[in-house]
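Architecture and fold: a report
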Amino acid sequence: MAPPIYSALIISLGLGTTMTFASTHWYLAWMGIEINTLAIIPLMAQNHIPRAIEATTKYFFVQATASATLLFAGISNAFLTGQWDITYTPYTLTSTLITLALAMKIGLAPLHSWMPEVMQGLNLLTGLILSTWQKLAPLYLIYQIQPNNPNIFIALGLLSIIVGGWGGFNQVQLRKILAYSSIAHLGWMILILSFSPPLALLTIIIYILMTFSLFSSFMLTRTTHINSLSTTWAKIPILTVSTPLILLSLGGLPPLTGFMPKWMILQELAKQSLCPLATMAALSSLFSLYFYLRLSYAMTLTMPPNNPAGTLPWRLNPQHNTLPLALTTTSTICLLPMTPAIMSLMPF
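Residues numbered from 1 in each chain as written. Predicted model: local features only at pLDDT ≥ 70, side-chain atom pairs only at ≥ 80, totals over all residues. Heavy atoms only, no water.

- As named in an unreviewed UniProt entry, the protein chain is NADH-ubiquinone oxidoreductase chain 2, taken from Poecilia mexicana.
- Recorded under Subcellular location (unreviewed entry), the UniProt text for the protein chain is reproduced unchanged: "Mitochondrion inner membrane".
- As stated in UniProt under Catalytic activity (unreviewed entry), the record for the protein chain gives "a ubiquinone + NADH + 5 H(+)(in) = a ubiquinol + NAD(+) + 4 H(+)(out)". (UniProt positions renumbered as here; feature names shortened; annotations may be inferred.)

Here it is, written out as structure tokens:
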């Protein structure tokens with residue numbers, strides 16, 4: 001793809017999300033999401049291989065369905081209330097339709113089935129954009145509507161945690177595993193959104209940090225299959241140490257950063273007298289922890305024992321800037337001791 005076209009598409013991605021963030025009108029917010037969707041489609045199809053074209057087609061149809069539902073719900077809400085304000089959705093039917101349309105856009109269960117198949121057909125960079133940046137605009141709208149009955153958020157969140165963990169079993173393609181990881185982490189965020197929006201914001205920020213670190217590690221080693229993880233030591237040996245720590249942080253193991261949002265979410269649910277819900281969420285997260293441990297095992301305990309001294313001829317200098325990876329990896333691993341400071345800064 002020509003650099004000017006690529007730059008224009010990246011600018012359009014930023015423009016669409018910014019337009020949605022700045023909107024209080026349903027039509028302008030919908031327009032921003034559509035700009036975002038249309039900008040990423042050429043990026044998804046740039047490889048010109050059948051799997052990428054199939055993934056792009058699936059993504060287009062799913063997003064078109066969700067956008068049509070969202071527009072219909074927004075028009076219905078404006079017809080019933082007489083105003084287009086995003087924050088004013090007093091009717092249960094329209095707020096439920098809007099929530100389900102946005103859940104389809106970001107891939108929450110049970111509207112998630114497109115996400116793993118689409119991720120499998122993309123390269124890692126486009127998959128990173130789909131897993132992080134493309135979630136921001138719909139999540140902002142979900143944050144704005146806040147339906148009166150939180151049960152729909154609880155149901156979507158808990159089901160996403162279960163499906164995100166269960167779906168990762170027996171997967172060998174890293175991009176599908178990362179898709180199910182995204183579904184599970186978004187489930188944690190939706191689960192707590194009705195009770196503590198600042199905690200949901202903290203969860204999505206930490207998720208983006210961890211996901212960026214993991215995708216960047218895989219991009220440096222050009223790894224897309226679980227069997228390729230054991231050769232990481234021969235390409236970039238330091239990633240043999242850092243990547244398993246990132247995976248365990250995604251799984252939520254202490255004393256890593258990923259433990260912080262899950263710990264605080266479970267604490268908040270207990271404060272809301274929702275101990276059975278907190279117990280189900282914690283037990284369901286063990287499914288996700290299983291495949292993170294499986295990936296860590298594939299990277300560390302299955303590598304060849306004969307590591308020859310000296311520089312190997314195929315250990316090339318990385319072509320990418322590794323400073324963002326170093327910064328996000330440090331944040332992914334070491335932020336848990338700063339939990340009291342973070343809690344004092346955010347209005348929990």
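Alright, that's what it looks like, and here's the rest.
1. Topic: a nonpolar patch on the surface
- On the surface, a nonpolar cluster with roughly 350 Å² of combined accessible area is contributed by Tyr27, Leu28, Ile75 and Trp84.
- Relative to the assigned elements, Leu28 resides in helix α2 (residues 26–44). (Patch = residues over 30% accessible without salt bridge, like charges linked within 9 Å, V, L, I, M, F, W, Y side chains within 5 Å. Areas by Shrake-Rupley, 256 points an atom, 1.4 Å probe, with all protein chains shown as cover. Salt bridge = Lys/Arg side-chain N within 4 Å of Asp/Glu carboxyl O. Helix = DSSP H or I, 4+ residues; strand = E, 2+ residues; numbered from the N terminus.)

2. Some details on helix α9 (residues 174–193)
- In this model, α9 (20 residues) spans 29 Å end to end at C-alpha, consistent with the 28 Å of a helix rising 1.5 Å per residue.
- Burial of α9 is extensive: 20 of the 20 residues sit out of reach of the surface. (Expected span 1.5 Å × (residues − 1). Buried < 20%, exposed > 50% of the residue type's maximum accessible area, 1.4 Å probe, protein only.)

3. Looking at the packing of helix α8 (residues 151–166) against α9
- Where α8 contacts α9, the axes come no closer than 7 Å and their chain directions differ by 155°. By the angle between their directions, the pair α8 and α9 is classed as roughly antiparallel. The crossing of α8 and α9 is left-handed. The residues of α9 that touch α8, namely those facing Phe153, Ile154, Leu156, Gly157, Leu158, Ser160, Ile161, Val163, Gly164 and Gly165, are Tyr180, Ile183, Ala184, Gly187, Trp188, Ile190, Leu191 and Leu193.
- Its residues placed into classes, the contact of α8 with α9 shows 13 nonpolar, five polar and no charged. (Axes fitted to C-alpha atoms, helices over the stretch in contact; angles between N-to-C directions. Parallel < 35°, antiparallel > 145°, perpendicular 65-115°, else oblique. Left-handed = near helix turned anticlockwise from the far one by under 90°. Contact = heavy atoms within 4.5 Å. Nonpolar A, V, L, I, M, F, W, Y, C, P; charged D, E, K, R; others polar.)

4. Considering the packing of aromatic side chains
- Evaluation of the coordinates by the stated rule reveals ten aromatic pairs.
- Geometrically, the ring pair formed by Phe169 and Tyr290 is edge-to-face, given 4.9 Å between the ring centres and 70° between the ring planes. Of this pair, Phe169 sits in the loop between α8 and α9 while Tyr290 sits in helix α14 (residues 275–300), and the two are 121 residues apart along the sequence.
- By relative accessible area, which is 27% here, Phe169 ends up partly exposed.
- Among the aromatic residues, those joined into a cluster by ring pairs are Trp166, Phe169, Phe287 and Tyr290. (Phe/Tyr/Trp six-rings, centres within 6.5 Å; stacked < 30°, edge-to-face > 60°.)

5. A short note on the domain arrangement of the protein chain
- The domain architecture assigned to the protein chain consists of domain 1 (1–138) and domain 2 (149–305 + 322–347).
- Between the C-alpha centres of domain 1 and domain 2 there is a distance of 23 Å.
- Taken together, the contacts link 24 residues of domain 1 with 26 residues of domain 2.
- Buried surface at the junction of domain 1 and domain 2, summed over both partners, amounts to about 2,200 Å²; 80% is from carbon and sulfur atoms.
- Among the residues of domain 1 in contact with domain 2, Leu108, Gln120 and Leu124 are the three that bury the most area, contributing 29% of the side total.
- Here domain 1 and domain 2 share one salt bridge between them.
- In this structure, Lys176 engages Glu117 in a salt bridge whose closest nitrogen and oxygen atoms are separated by 3.5 Å.
- Between the two partners, domain 1 and domain 2, sit six residue pairs in polar contact (both at pLDDT 80 or more). (Domains from an automatic or database assignment. Buried area = accessible area lost by both parts, 1.4 Å probe. Polar contact = N/O pair within 3.5 Å; in protein donor to acceptor, adjacent residues only side chain to side chain.)

6. Some words on the pattern of salt bridges
- Taken as a whole and assessed by the stated rule, the structure comprises three salt bridges.
- For the salt bridge of Glu117 with Arg51, the shortest nitrogen-to-oxygen distance reads 3.6 Å. Within this pair, whereas Glu117 is found in helix α5 (residues 114–120), its partner Arg51 is found in helix α3 (residues 50–81), the two being separated by 66 residues in sequence.
- Judged by its relative accessible area of 28%, Glu117 falls in the partly exposed class.

7. Comments concerning unusual backbone geometry
- For the peptide bond that leads from Ala109 to Pro110, omega is 5°, which places it in the cis range.
- Along the chain, the position of Pro110 falls in the loop between α4 (92–106) and α5.
- The omega torsion of the bond from Pro254 to Pro255 falls at 5°, within 30 degrees of zero and hence cis.
- Examined against the element boundaries, Pro255 turns out to sit in the loop between α12 (239–251) and α13 (259–271).
- Phi is positive for His48, close to 60°, though the residue is something other than glycine.
- One non-glycine residue with positive phi stands out, namely Arg222, at about 55°.
- Position of Arg222 relative to the elements: it lies in the loop between α10 (197–221) and α11 (232–235).
- A relative accessible area of 65% means that Arg222 is categorised as exposed.

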